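Close look at the chain arrangement
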Amino acid sequence: MHKIATLAAVAALVGATAAHAEPGGCLKYGAVGAVGGHVAGHHSVMGAAAGCVTGMYKRHEYRKEAKAKAAEYDKEHPGAKGTYQEKATAYDVEHSTTPGKMTPDAQPAPQPDGEQKM
């Protein structure tokens, strides 16, 4: 019964944090790490600590890239209002990028004149 309650709590925690656009962070990754550590040999605390560190790093990288995208958006649109998250989203929409990637999505390479792709 204890395992069912624990799994329900983890599922509720993951479900509550899944609505955000940012990566999980300490709680979400820590919970997953704790479960993984427990399954791997009763190392729940080590798994939670490793998951927490990983989550903080992922969120840091995401925010750093979002701020870089916002700076690029500000160069293209001087005087634009909004938070860096809103500007990063606008940059993603205008440049066909996805969150977590600064470069545009893969597009077919242009063909030289006179050659056709078979």
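Look above for the structure.
Reference entry: report on the structure contained in this document. (Residues numbered from 1 in each chain as written. Predicted model: local features only at pLDDT ≥ 70, side-chain atom pairs only at ≥ 80, totals over all residues. Heavy atoms only, no water.)

**Some points on the overall build of the chain**
For the chain, the helix and strand inventory stands at four helices and zero strands. Ordered by position from the N terminus, the helices and strands of the chain form the series α-α-α-α. Taken across its 118 residues, the chain has 19% of its residues classed as buried. Summed over all atoms, the accessible surface of the chain reaches about 8,600 Å², with 64% contributed by carbon and sulfur. (Helix = DSSP H or I, 4+ residues; strand = E, 2+ residues; numbered from the N terminus. Buried < 20%, exposed > 50% of the residue type's maximum accessible area, 1.4 Å probe, protein only. Areas by Shrake-Rupley, 256 points an atom, 1.4 Å probe, with all protein chains shown as cover.)

**Description of the packing of helix α2 (residues 26-39) against helix α3 (residues 44-76)**
Viewed as axis vectors pointing N to C, α2 and α3 meet at an angle of 150°, and their least axial separation amounts to 6 Å. Here α2 is positioned roughly antiparallel relative to α3, judged by the angle of their axes. The two elements α2 and α3 meet at a crossing, and its hand is right-handed. Residues C26, Y29, G30, G33, A34, G37 and H38 of α2 touch α3, and the partners they reach there are S44, G47, A48, G51, C52, T54, G55, M56 and K58. Here the residues of the contact of α2 with α3 sort into six nonpolar, nine polar and one charged. (Axes fitted to C-alpha atoms, helices over the stretch in contact; angles between N-to-C directions. Parallel < 35°, antiparallel > 145°, perpendicular 65-115°, else oblique. Left-handed = near helix turned anticlockwise from the far one by under 90°. Contact = heavy atoms within 4.5 Å. Nonpolar A, V, L, I, M, F, W, Y, C, P; charged D, E, K, R; others polar.)

**A look at the pattern of salt bridges**
Taken as a whole and assessed by the stated rule, the structure comprises five salt bridges. Across the pair E65 and K69 runs a salt bridge, and its minimum N-O distance is 3.6 Å. Of this pair, E65 and K69 both sit in helix α3, four residues apart, which is roughly one turn of the helix. With respect to class, E65 is no different from K69; both count as buried. We note a salt bridge from E72 to K75, for which the minimum N-O separation is 3.5 Å. Placement of both E72 and K75 in helix α3 is noted, with a separation of three residues, approximately one turn of the helix. Classification of E72 as partly exposed rests on a relative accessible area of 28%. One salt-bridge network, in which partners are shared between bridges, spans E65, K69 and D92. (Salt bridge = Lys/Arg side-chain N within 4 Å of Asp/Glu carboxyl O.)

**What to know about α2**
Taking 1.5 Å as the rise per residue, α2 with 14 residues should run 20 Å; its terminal C-alpha atoms sit 19 Å apart, in good agreement. Three or more residues of α2 are buried, namely G30, A31, G33 and G37. Buried positions in α2, seen along its axis, are confined to an arc of 165° and lie on one side of it. Downstream of α2 by a residue or two, G41 has a phi angle that is positive, lying close to 135°. (Expected span 1.5 Å × (residues − 1). Arc of directions from axis to C-beta.)

**Let's talk about the state of the cysteines**
A complete count under the given rule lists one disulfide for this structure. Put simply, C26 and C52 are joined by a disulfide, and their sulfur atoms are 1.8 Å apart. Between C26 and C52, the S-S torsion sits near -100°, and that sign places the bridge as left-handed. In this pair, C26 sits in helix α2 while C52 sits in helix α3, placing the two residues 26 residues apart along the sequence. When its relative accessible area of 30% is taken as the criterion, C26 is described as partly exposed. (Disulfide = S-S within 2.5 Å.)

Such coordinate-based values are descriptive only and should not be taken to indicate function.
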